[in-house]
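Listed below, chain by chain, are the residues.
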Amino acid sequence: MAVTFDDVRHIASLARLSVSEERLPALVGELNAILAHMEALQRVDVSGVPADLAAGMTPMPLRADGGEQLRLAWPREEFAPDMRDGFYLVPRLATHEDVDE
Amino acid sequence: MKADFARAAGLNIILAEDPEARPSVDHGPLHDIPVAIKDNIATLRMPTSCGSRILEGYISPYEATVVSRLRAAGAVIACKTNMDEFAMGSSTEHSAFGPARNPVDPTRVPGGSSGGSAAAVAAGVVPIALGSETGGSVRQPAAFCGVVGVKPTYGRVSRFGLVAFASSLDQVGVLARTVDDSALAMQIIAGRDPMDATSADIPVPEYRAAAARPVSTLTIGRPREYFPDALDPAIRARCDDVLAKLRDAGATIRDVSLPHSGLAIPVYYIIAPAEASSNLARFDGVRYGLRVTGDGLTAMYEATRSKGFGAEVTRRILLGTYVLSAGYYDAYYKKAQQVRALITQDFHTVFNSGVDVLFTPTTPTPAFKIGAVSDPYEMYLNDIFTCTANLAGNPAISVPIGTVNGLPIGGQIIAPHFGEEAMFAAAYAVERL
């Protein structure tokens, strides 16, 4: 299963990363070299083995629907000064500066 | 006691200092002891940048539970340490703030990703430091720098305030000069935290009491897969010498097999990047740190992330996105999860057969020269003996066992889930040899 240039362009788009055309050949080579080592897994018989075993950890029982408040070091207004309708307001995009609210 | 920052000179291991830091209590088990914190663990008075441009200068409005617990025990949070960007690396060369250097030999790497923390302890800047583990990022630098490194059981220590890399693997770990110091620090940070749903509600034993456990009560497994033909002969000899001395001291040594261990690197480098590709999606220029303007929202995301992330983080996000994408999920991610279950089962089988702990080399080689490893997969192989414990969730510790050509090497002890007492008992015994 070799990764192609178009595959990398596609996954870069999914991952919100821009990959330059100059960087593309090296990246395709690196990913294919890494994935070649992953082929060893295809030879393993996993019939009957569940995929959701995680790490066989201790179960995580549900806790009461409540819990502690986040312990903030200073008031929320000092690092997120703007709120509206219960939502934090983040800086506007430069390209949206002239859009009416 | 003060952090001796002069000892860090020229090593690029400290990213931020807090020379005015004070303990929050007058007395405690760590009274006035300076502690260094890896840069991906949230602190209030110093930035938490994860070794990345995308979070450069970011100061968290809350601190990690592990940091609060250390301060409540009297510790002084002295500095933040250099690391591979977002904990992705085995050399601390992948830091946006330049490579860290090994105090034993500054031409060599300190290991990674907690290289700055390991080097800070080895150099004598601080006696104790926190690191984080996803595939060996505490134990491997501990081995390279000649200090002790502990990765607790998954769920043993709160991760509240640890910036997520791969959530089914991440744990906070401890680096220290001695096994006893590491047991003391682990005692303080371990235990249930209501702010972390993955922290286990299981009592924390007295780890330092393990020092008194007679070595004759220990059955130690030597897994043959961790001693391959290609292993550095000097490292093999040091490990077998340790096992022989433990046998002489009364321990029972048994050859065992963990047959799926050889598949751990492919499994790890599918699962960890897959989880990272999701966890790191939050760094997009909207809420945290760096924002690079672009022509519209998507362009802003792409410009910010492409400028903010370094080459290794970018490579792993792309790899993780690929193995999770339609058409490849079953072949890569699902398969890796199934093989991970087999690796976990191997540990259960061995520990259910009467083996208390396993002893292995921590790394296949001593510290390598800065710039010597350029191939990504060759770098990944540094985790070959450590990432199995992360995949299976087991606790493990690296203890110095001597030198090879003047460079420190480590011996690794792996224990069953929540079996830190046996792990520390064996570690004390190895340290005493």
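Refer to the preceding data block for the structure.
A brief look at the structure comes next. None of the values given here were measured: they were computed from a predicted structure.

**Focus on the pattern of salt bridges**
At step 1: Scanning all chains against the criterion turns up 19 salt bridges over all chains.
At step 2: Notably, a salt bridge pairs A:Arg9 with A:Asp6, separated by 2.6 Å at the nearest N-O pair. Here A:Asp6 and A:Arg9 lie together in helix H1 (residues 5–14), a separation of 3 residues that amounts to about one turn.
At step 3: Across the salt bridge formed by B:Glu56 and B:Arg53, the nearest N and O atoms sit 3.0 Å from each other.
At step 4: The exposure class of B:Arg53 is partly exposed, given its relative accessible area of 36%.
At step 5: Overlapping salt bridges bring together A:Arg23, A:Glu30, B:Glu312, B:Arg315 and B:Arg316 as one network.

**A look at the packing of H1(A) against helix H2 (residues 24–38) of chain A**
Residue and element names in this part refer to chain A.
At step 1: The interhelical angle for the contact between H1 and H2, taken along N-to-C directions, is 95°, at an axis separation of 10 Å. Between H1 and H2, the angle is such that the two are roughly perpendicular. Here H1 contributes Phe5, Val8, Arg9 and Ile11 to the contact with H2, which in turn contributes Leu24, Pro25, Leu27, Val28 and Leu31.
At step 2: Split by residue class, the contact of H1 with H2 holds 8 nonpolar, no polar and 1 charged.

**What to know about the pairing of strand E9 (residues 357–361) of chain B**
All names here are of chain B.
At step 1: Counted residue by residue, E9 has 5 buried out of 5 residues, so it is predominantly covered.
At step 2: Strand direction decides the pairing type here: strand E7 (residues 219–223) and E9, joined by 2 bridges, are parallel. Following the sheet pairing, Gly221 is matched in E9 by Leu358.
At step 3: Alignment of E9 against strand E11 (residues 407–414), held across 4 bridges, turns out to be antiparallel. Bridged to Pro361 within E11 is Gly411.

**Overview of the interface of chain A and chain B**
At step 1: In this assembly, 52 residues from chain A lie in contact with 65 residues from chain B.
At step 2: For the pair chain A and chain B, the two sides together bury roughly 5000 Å², of which 72% comes from carbon and sulfur.
At step 3: Broken down residue by residue, the surface that chain A buries against chain B is led by A:Arg16, A:Leu17 and A:Leu41, which jointly contribute 13%.
At step 4: Where B:Arg315 meets A:Glu30, a salt bridge forms, and the shortest distance between an N and an O atom there is 2.8 Å.
At step 5: Here chain A and chain B share 11 residue pairs in polar contact (both at pLDDT 80 or more) between them.
At step 6: When residues in the side of chain A that touches chain B are grouped by element, the largest group, 7 residues, is from H2(A).
At step 7: Classifying every residue of the side of chain A that touches chain B gives 34 nonpolar, 8 polar and 10 charged.

**Observations concerning H1(A)**
Working note: α-helix, 3.6 residues per turn, so residues spaced by three or four point in the same direction.
At step 1: For H1(A), the complete set of buried residues consists of A:Asp7, A:Val8, A:Ile11 and A:Ala12. The buried residues of H1(A) occupy an angular sector of 130° when projected down its axis, which confines them to one face.
At step 2: Lining the buried residues of H1(A) we find H2 of chain A together with helix H8 (311–324) of chain B.
At step 3: Just downstream of H1(A), A:Arg16 is the residue with a positive phi angle, here 55°.

What counts as what
- Residues numbered from 1 in each chain as written.
- Chains lettered and ligands numbered in written order.
- Predicted model: local features only at pLDDT ≥ 70, side-chain atom pairs only at ≥ 80, totals over all residues.
- Heavy atoms only, no water.
- Salt bridge = Lys/Arg side-chain N within 4 Å of Asp/Glu carboxyl O.
- Helix = DSSP H or I, 4+ residues; strand = E, 2+ residues; numbered from the N terminus.
- Buried < 20%, exposed > 50% of the residue type's maximum accessible area, 1.4 Å probe, protein only.
- Axes fitted to C-alpha atoms, helices over the stretch in contact; angles between N-to-C directions.
- Parallel < 35°, antiparallel > 145°, perpendicular 65-115°, else oblique.
- Contact = heavy atoms within 4.5 Å.
- Nonpolar A, V, L, I, M, F, W, Y, C, P; charged D, E, K, R; others polar.
- Pairing = 2+ DSSP bridges.
- Buried area = accessible area lost by both parts, 1.4 Å probe.
- Polar contact = N/O pair within 3.5 Å; in protein donor to acceptor, adjacent residues only side chain to side chain.
- Arc of directions from axis to C-beta.

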